[in-house]
Amino acid sequence: MSRQEDFETMSTNIELPTILQQIRISVRNLVEFLLRCGDIDNRVGQGMQLRAMQEGTRIHKKLQKSMGSGYEAEVPLKLEIPTGRFLIVVEGRADGIFMKDGKPCIDEIKGIYQDVFLLEEPYPVHLAQAKCYAYIYGLRMNVPEVGVQMTYCDLDTELVKRFYDCYTMDELTEWFLGLMSEYQKWADFEYDWGILSRESVKQLDFPYPYREGQRELVSDVYRTILRKKNLFIQAPTGTGKTLSVLYPTIKAVGEGLGEHIFYLTAKTLTATVAVDTLQLLATKGYRGKVVQITAKEKLCKCEVPECNPDACPYAKGHFDRVNDAVYDLLMHHDLFTREVFLEQADRFMVCPFELCLDTSSWSDVIIGDYNYVFDPTVYLKRFFAEGNKSAYFFLVDEAHNLVERGRQMYSETIVKEDVLFAKRVLKQYSHRVELALERVNKQLLHLKRKSEHVMVHTSINDLVFAIMQFLSEMERFLQKPIPFPERDQIMELYFTMRNFINIYEFVDENYIIYSQMNEKGEFSVRLFCADPSRNLQARIDQSRTTVFFSATLLPINYYKKLLSTDPENYAVYAHSVFQKEQRLLVVATDVSSKYTRRTPREYERIATYIERIAAGKTGNYIAFFPSYQMLDEVEAQFEYLTGERFDILIQTSGMKEAQREEFLAHFEEKRTRSLVAFCVLGGIFSEGLDLREDQLIGTMIVGTGLPQINEEGELLRNFFDDRSGNGFDYVYRFPGMNKVQQAAGRVIRTLADVGVIALLDERFLQWENRQIFPREWEDFEKVTIDSVEKRVRDFWNSKKHN
């Protein structure tokens with residue numbers, strides 16, 4: 001990408017699209033937003049709506065085709081309503097239009113998982129959607145009456161029941177204008193706030209003097225947005241990547257290039273940095289509505305999240321009050337955090353999590369986990385269900401995490417023993433569900449009998465069909481809320497089964513289907529997404545621009561291939577503002593964590609390295625290890641060698657939040673002797689930890705971070721070997737070196753930081769590993785167990801004279 005133009009020149013000289021003064025809303029969103037009422041109740045028919053949406057396309061086409069040649073299917077309809085200051089554009093697509101008794105008739109088709117002959121009338125929201133289409137079509141055709149046919153189809157039996165009514169245009173007009181009068185205040189807010197926010201962006205300057213290379217990075221992001229491309233950024237710590245990505249994207253929104261910014265993270269800490277950055281911009285004049293989406297478990301005001309009116313007072317009547325709660329928030333806040341939602345939930349007696357999601361619809365910047373855009377189950381359907389792909393920007397922070405997270409999102413496993421447990425529990429409540437589970441179990445037993453320890457399958461169609469039958473029976477069973485002690489466990493299995501079927505729809509050449517017998521004797525079948533790029537690309541395509549950025553996005557082509565399928569994606573390597581003199585980077589030439597070298601003698605040598613480095617200057621150090629076992633072995637040797645000359649901290653498995661905070665508090669203490677913390681590479685303290693200046697002055701990284709060998713890893717290695725011959729790199733070397741770079745990045749966080757980074761494994765000197773080093777590591781030095789102490793002391797002595 002050319003860097004000849006800076007950001008300010010581009011933003012003033014490039015011709016931008018005219019901002020049309022329109023407030024757009026789909027018919028479906030309009031009626032669902034204004035006409036929802038009653039309780040939140042997840043006990044009845046959970047999952048049916050999602051599966052009905054997925055089956056809906058098939059049944060729509062089948063019913064439309066059966067209506068004959070006079071039936072016009074999938075008719076786009078749009079109505080522009082002038083308000084004096086702006087246009088409200090209501091648009092959608094009628095399932096069908098045909099003539100009946102000499103009058104045009106709107107056909108609205110709904111696929112549902114229930115007995116349609118038990119319906120006595122259409123669902124009010126469904127009917128309202130059809131009446132909107134009837135009104136818009138009636139105006140277009142200038143007719144006195146329009147018929148409305150509601151077509152309900154049982155997706156299990158494909159039996160159909162229809163409801164028909166005819167409305168005069170006077171009736172439809174009075175009804176529709178009443179609906180729009182309710183929506184007017186929301187449209188007024190969107191219009192007025194849009195003007196206020198855009199004007200604030202026009203006056204918004206970069207809040208600091210640009211660091212070296214930062215202006216170019218800002219320009220790269222903005223240029224990518226103008227060209228509707230995607231961008232991968234290798235941004236070393238200190239580049240100010242959060243601000244450098246957010247600022248040009250906000251400027252693009254202010255200039256009408258998009259509407260919503262999704263700032264996506266893998267961890268709460270990086271979300272907090274984004275919030276802090278936006279608050280900084282707010283102090284400089286930016287006006288934007290910013291919502292930080294918090295997980296339901298952290299927002300729920302009940303001890304156990306049970307979303308039904310019997311268990312939760314906030315669920316009872318929630319939909320009757322939530323719109324008022326949202327509007328009140330919009331009038332009084334710009335930043336919507338967990339604390340804001342909890343307080344508002346008490347004021348209006350609404351579910352804080354659902355309030356959070358509803359508020360996101362009116363926000364300029366949505367900060368949340370990757371799930372809310374990329375996960376096929378959790379993604380925010382209110383933004384993406386209509387297929388709008390032009391108005392959004394996705395900013396993916398710490399993007400190296402998305403490879404593994406993407407695999408997890410698009411994979412699922414079912415365990416035979418869980419099926420047998422559910423069968424034992426449910427047989428006393430439903431014979432039909434019991435029989436359905438028995439059919440699932442038989443298919444699993446069939447696969448088990450012909451399986452080895454791990455076996456790859458080309459087809460599991462019979463199992464999938466059996467699971468679909470179970471889901472149908474289970475969904476009918478759930479329509480009658482029957483309490484029983486094991487309900488939570490049964491629902492967990494139900495959700496897993498449902499997700500298994502959903503994921504099966506994605507299965508293609510990027511998947512491995514395999515069965516496995518684990519060490520507990522449990523048999524499972526897994527849909528494993530080996531390469532998530534195609535699935536992630538489908539989500540990326542719903543944005544105008546996606547920016548992936550991380551301090552450890554190397555080798556960048558690896559991430560480009562596994563996070564996207566677009567060959568035209570851009571990539572840049574941002575300039576590091578840190579000086580080489582701020583740190584000493586050494587590589588040990590005479591120790592290794594290779595399995596063949598893991599002996600007491602080698603542990604002693606590694607402990608000696610740690611002791612000699614930590615003796616160079618009194619301060620806080622972290623030593624990272626490939627496993628807890630090796631950590632324990634070296635720590636024991638370290639204690640034996642050093643006695644009480646050092647303070648020692650040890651990371652333990654499964655530390656709770658309070659334990660983590662207590663652990664980190666030690667780094668804030670004043671010290672008379674050095675602290676050495678023994679931690680696991682790739683764990684909670686090797687990424688996202690932000691210890692500055694004297695809080696951390698050195699890290700020692702033992703091993704090249706190679707993930708432990710396991711069955712799934714070997715399947716993945718074979719997969720990429722067959723595809724491109726680089727299975728070991730993709731599965732072991734690249735992820736391992738990423739963990740190493742993350743751990744090394746804990747030392748130098750600011751321009752004031754000084755410290756030592758020691759790579760304690762001779763394998764770092766191998767050409768294959770050196771090729772992955774960041775360019776900032778080109779000045780590394782080789783040391784031995786005999787030379788390291790003097791080299792470290794010389795480094796610290798040189799700082800005394802500066």
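Going along each chain's sequence as written, the residues are numbered from 1 onward. Given that this is a predicted model, residues contribute local features only at a pLDDT of at least 70 and side-chain atom pairs are listed and counted only at 80 or more, while totals for whole chains, interfaces and linings are drawn from all residues. Values reported for side chains reflect all heavy atoms of the structure, with hydrogen atoms and water molecules removed beforehand.

### With respect to the overall build of the chain
This is how the line gets drawn: Runs of H or I in DSSP of at least four residues are treated as helices and runs of E of at least two as strands, each being numbered from the N terminus. Two things to know: the radius of gyration comes from C-alpha atoms, and the globule rule equals 2.2 Å times the number of residues to the power 0.38. Residue burial is assigned from relative accessible area. The probe radius is 1.4 Å, only protein chains are included, and a residue is buried under 20% of its type maximum, exposed over 50%, and partly exposed in between. Contacts: residue pairs with any heavy atoms within 4.5 Å of one another.
Scanning the chain for helices and strands turns up 28 helices and 25 strands. Compactness check: the chain gives a C-alpha radius of gyration of 30 Å against a globular reference of 28 Å for 802 residues, within 12% of the reference. Relative to its full complement of 802 residues, the chain shows a buried share of 55%. Residue pairs at least 24 apart in sequence account for 79% of intrachain contacts in the chain once pairs closer than 6 positions are excluded.

### Some words on the sheet that holds strand 8 (residues 260-265)
What counts, and what does not: Two strands pair if DSSP finds at least two bridges between them. To get an axis, fit a line to the C-alpha atoms, keeping to the stretch in contact for a helix; angles then go from 0 to 180 degrees between the N-to-C directions.
Reading across from one edge, 10-9-11-8-12-17-7-18 is the order of the eight strands in this open sheet, with parallel pairing throughout. Bordering the open sheet on either side are strand 10 (335-336) and strand 18 (570-573), each of which pairs with just one other strand. Contacts from helix 7 (residues 241-254) reach strand 7 (231-234), strand 8, strand 12 (392-397) and strand 17 (545-550), with the element oriented near 180° to strand 12.

### Quick look at the pairing of strand 3 (residues 87-100)
Bridge count for strand 1 (residues 22-26) against strand 3 is five bridges, and the pairing is parallel. Considered in strand 3, the bridge of Arg24 is made with Val89. Here strand 2 (residues 72-82) pairs with strand 3 via ten bridges, running antiparallel. Within strand 3, the residue paired with Pro82 across the bridge is Leu87. What sits between the antiparallel neighbours strand 2 and strand 3 is a turn of four residues, in which Gly84 has the positive phi angle 105°. Note: strand 3 against strand 4 (residues 103-112), five bridges, orientation antiparallel. Within strand 4, the residue paired with Ile97 across the bridge is Ile106. As consecutive antiparallel partners, strand 3 and strand 4 are separated by two residues, and within that stretch Asp101 has a phi angle of approximately 55°, a positive value.

### What about the pattern of salt bridges?
Selection criterion: Here a salt bridge means any side-chain nitrogen of Lys or Arg lying within 4 Å of a carboxyl oxygen belonging to Asp or Glu.
Here the structure, examined in full by the defined rule, presents 41 salt bridges. The residue Arg671 makes a salt bridge to Glu669 at a minimum N-O spacing of 3.5 Å. On the basis of relative accessible area, Glu669 is assigned to the partly exposed category, the value being 41%. Through salt bridges with shared partners, one network takes in Asp647, Glu669, Arg671 and Arg673.

### Here we look at the sheet that holds strand 16 (residues 523-529)
Taking strand neighbours across the sheet as the criterion, the four strands line up as 13-16-15-14 in an open arrangement whose pairing is antiparallel. This sheet does not close on itself; its edge strands, each paired only once, are strand 13 (412-415) and strand 14 (454-457). Each neighbouring strand pair of the sheet contributes to a mean axis angle of 20°, computed without reference to strand direction. Of the strand pairs in this sheet, strand 13 and strand 16 are connected by four bridges, and their pairing is antiparallel. Looking at the pairing, Ile414 lines up with Val525 of strand 16. Sheet contacts for helix 16 (residues 416-426): strand 13 and strand 16; angle to strand 13, the most-contacted strand, approximately 55°. Packing against the sheet, helix 17 (residues 431-449) makes contact with strand 13, strand 14, strand 15 (511-517) and strand 16, and its axis sits at approximately 90° to strand 16.

### Details of the packing of helix 22 (residues 600-614) against helix 23 (residues 628-642)
Note the cut-off: Crossings are sorted by hand: turned counterclockwise from the far helix by less than a right angle, the near helix makes the crossing left-handed, and turned clockwise it makes it right-handed. Throughout this entry, Asp, Glu, Lys and Arg are counted as charged residues, while Ala, Val, Leu, Ile, Met, Phe, Trp, Tyr, Cys and Pro are counted as nonpolar. The remaining residues, Gly among them, count as polar.
Between helix 22 and helix 23, the shortest axis-to-axis distance is 8 Å and the interhelical angle comes to 65°. Considering the relative orientation of helix 22 and helix 23, their crossing is right-handed. Residues Pro600, Tyr603, Glu604, Ile606, Ala607, Thr608, Ile610 and Glu611 of helix 22 lie in contact with helix 23, whose contacting residues are Met630, Glu633, Val634, Gln637, Phe638, Leu641 and Thr642. Of the residues belonging to the contact of helix 22 with helix 23, the class tally is nine nonpolar, three polar and three charged.

### Focus on the packing of aromatic side chains
Note the threshold: Under the pairing criterion, centres of Phe, Tyr and Trp rings, with the six-membered ring standing for Trp, must be within 6.5 Å; the plane angle then separates stacked pairs below 30 degrees from edge-to-face pairs above 60, leaving the rest tilted.
For the structure shown, the criterion picks out 45 aromatic pairs. Here Tyr123 and Tyr152 contribute two aromatic rings whose centre-to-centre distance is 6.1 Å and whose plane-to-plane angle is 65°, an arrangement assigned as edge-to-face. With Tyr123 in the loop between strand 4 and helix 4 (124-141) and Tyr152 in strand 5 (residues 145-154), this residue pair connects regions lying 29 residues apart in the sequence. The class of Tyr152 is buried, set by a relative accessible area of 0%. Their ring planes at 75° and their centres at 5.1 Å tell us that Phe773 and Trp777 sit as a pair that is edge-to-face. Put simply, the rings of Phe262, Phe374, Tyr379, Phe383, Phe384, Tyr392 and Phe394 pair up and form one aromatic cluster.

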